[in-house]
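One-letter residues, chain by chain:
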Amino acid sequence: MTSIKDVAQRAGVGVATVSRVLNETGYVSAETRKKVQDAMEELNYIPNELARNLLHKKSGIVAIIIPKISHPFFAEFVLYAEEELLKNGYKTMICSTYSEQNYEKEYLNMLNRHIVDGIIAGGHTLALEDYASVSRPVVALDRFLGEHIPTVASDHRIGGRLAAEKMIECGCKCVVQVQGALVVDSPSHERHYEFERVMKKHGVKVYSYEMEWNDFDYGRYEETARDIIKKYPDIDGIFAVDVIAMAFLKQLSRMKKNVPEDVQVVGYDGTYISKVSVPELTVVEQPIPELSRRAVKMVIGMIEGKRYKNKLVLLEPQMRIGESTKNGQK
């Protein structure tokens, strides 16, 4: 392998001069810089990126921690975030925590060791105290991790209200909503509180079903849908995230219940899969591209020295009418 000494010899300069060119430290004349760069190109010299990162304490990499990359919401978020990071000169490290609980802690350790410059944290495996000692750039996606860690999320109160108003408009009298584990401190719980508040205000009966912590398995979603329909045979409305809503569509079809004639189904997220379901889902659509852009902008700002305290960025979701609600039929 070509070494820095080989480059110095070919360029006719000292090793220290080559080092200054590589690390952009100290003065090097334009003529000498060109000699070094030409020598590196001729010898096909590849600099030791790890050594340079340690010197500058910067890797040019941002880690995105998510529970499961196959989940449509997180897949879309990563897609847009990676594009935005690339525009700003950063590479993306995708970190899935679904299979191993200690992965999220390991990624935090990587941040402290300067292997990554910042983290966008959307995982669900660590408690708040694990983030309390982190002083380097972290932005939370739809979670509260402490006053020094900014959070980017949808305005879930608006989302819950939109879903409730849609079901009231469709004449629902008894509905079920499926919510995430309450042990996770997340702004997303607000949509369920608001959904229930609005429905009950209009005299609609609401059953709330809490999913197990960190549960992102589709097989489990199908079991949940089947169990809920059997337990609450009188329901005429269902509110759940896209993947769970689609599991309900499947089970309702198997049980010979018609959507939307017998049961209204409203999804939450508005990911690509909501457009390919049969019938197409009516959804509350989260602004995933903008969530990604804002999270990236904030983490880069923190890498460059900006600091936040009790910062919460809320973006407004929108209703998209599909075929799973009565007046949404095409």
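**Q** Any chance you could break down the state of the cysteines for me, citing the residues and the numbers?
**A** Within this structure, the stated rule accounts for zero disulfides. Considering cysteine sulfurs only, Cys-172 is the nearest to Cys-170, which forms no disulfide, with 5.9 Å between them.

**Q** How would you explain the sheet that holds strand β12 (residues 318-320) if you had to name every residue and give the values?
**A** One open sheet accounts for six strands, arranged β7-β6-β8-β9-β10-β12; its pairing is mixed. The two strands at the open ends of the sheet, each matched to only one other strand, are β7 (205-210) and β12. Each strand axis lies, on average, 20 degrees off the axis of its neighbour in the sheet, ignoring direction. Pairing geometry for strand β10 (residues 282-285) and β12, over three bridges, is antiparallel. Along β12, the bridge assignment pairs Val-283 with Arg-320.

**Q** Mind laying out the packing of helix α1 (residues 4-11) against helix α3 (residues 30-43), listing which residues take part and the relevant values?
**A** The N-to-C vectors of α1 and α3 enclose an angle of 120 degrees; their axes lie 8 Å apart at closest approach. Viewed along their axes, α1 and α3 adopt a mutual orientation that is oblique. In this structure, the crossing between α1 and α3 has a hand that is right-handed. Between α1 and α3, the residues in contact are Asp-6, Val-7, Arg-10 and Ala-11 and Lys-35, Val-36, Ala-39, Met-40, Glu-42 and Leu-43, respectively. Of the residues that constitute the contact of α1 with α3, the class distribution is six nonpolar, no polar and four charged.

**Q** Requested: an account of the packing of aromatic side chains, with residues and values cited.
**A** A ring pair, where both rings are aromatic, is described by two values, the distance of the centres and the angle of the planes. All told, the structure shown has four aromatic pairs when counted by the stated rule. Their ring planes at 85 degrees and their centres at 5.3 Å tell us that Phe-73 and Phe-74 sit as a pair that is edge-to-face. Assessed through its relative accessible area of 6%, Phe-74 is described here as buried. A ring pair is formed by Phe-239 and Tyr-268, whose centres lie 6.0 Å apart and whose planes are at 75 degrees; its orientation type is edge-to-face. Of the two residues, Phe-239 sits in strand β8 (residues 237-241) while Tyr-268 sits in strand β9 (residues 264-269), which places them 29 residues apart along the sequence.

**Q** Lay out the nonpolar core with the relevant residues and their values.
**A** Phe-195, Ile-244 and Val-265 are the most contacted members of the largest nonpolar core, which has 41 residues in total. Looking at which element gives the most residues to this core, the answer is helix α11 (residues 242-254), with seven residues. If near-sequence neighbours (up to four positions away) are discounted, Phe-195 is found in contact with Gly-160, Ala-163, Ala-164, Met-167, Val-175, Gln-177, Val-206 and Phe-239. In terms of nonpolar packing, the next biggest core, distinct from the first, is built from 25 residues, Ile-64, Ile-288, Leu-291 and Tyr-308 among them.

Cut-offs used in this document
All residue numbers refer to positions counted from 1 along the written sequence of the respective chain. Reporting in this predicted model follows two pLDDT cut-offs: at least 70 for local features of residues, and 80 or more for side-chain atom pairs to be given and counted; totals over whole chains, interfaces and linings ignore these cut-offs and use all residues. Only hydrogens and water are set aside when side-chain values are computed; all heavy atoms of the structure are taken into account. Note on terminology: disulfide denotes any pair of cysteine sulfur atoms within 2.5 Å. We call two strands paired when DSSP finds no fewer than two bridges between them. Labels follow the DSSP assignment, with helices taken as runs of H or I lasting at least four residues and strands as runs of E lasting at least two, numbered in each case from the N terminus. To obtain each axis, a line is fitted to C-alpha atoms, and for helices this fit is confined to the stretch in contact; angles are then taken between N-to-C directions over 0 to 180 degrees. Here the angle decides the label: under 35 degrees means roughly parallel, over 145 means roughly antiparallel, 65 to 115 means roughly perpendicular, and every other value means oblique. Crossing chirality is assigned from the near helix's rotation relative to the far helix, an anticlockwise turn below a right angle marking it left-handed and a clockwise turn marking it right-handed. Any two residues whose heavy atoms approach within 4.5 Å are treated as being in contact. Each residue receives one of three labels: charged for Asp, Glu, Lys and Arg, nonpolar for Ala, Val, Leu, Ile, Met, Phe, Trp, Tyr, Cys and Pro, and polar for the others, Gly being one of them. When the centres of two rings from Phe, Tyr and Trp lie within 6.5 Å, Trp using its six-membered ring, the rings pair. Their planes under 30 degrees apart give stacked, over 60 give edge-to-face, and anything left gives tilted. Three labels apply to residues, based on accessible area from a 1.4 Å probe with only protein chains included: buried if under 20% of the type maximum, exposed if over 50%, partly exposed otherwise in between. To form a nonpolar core, buried Ala, Val, Leu, Ile, Met, Phe, Trp, Tyr and Cys residues must be joined to one another through side-chain atoms within 4.5 Å.

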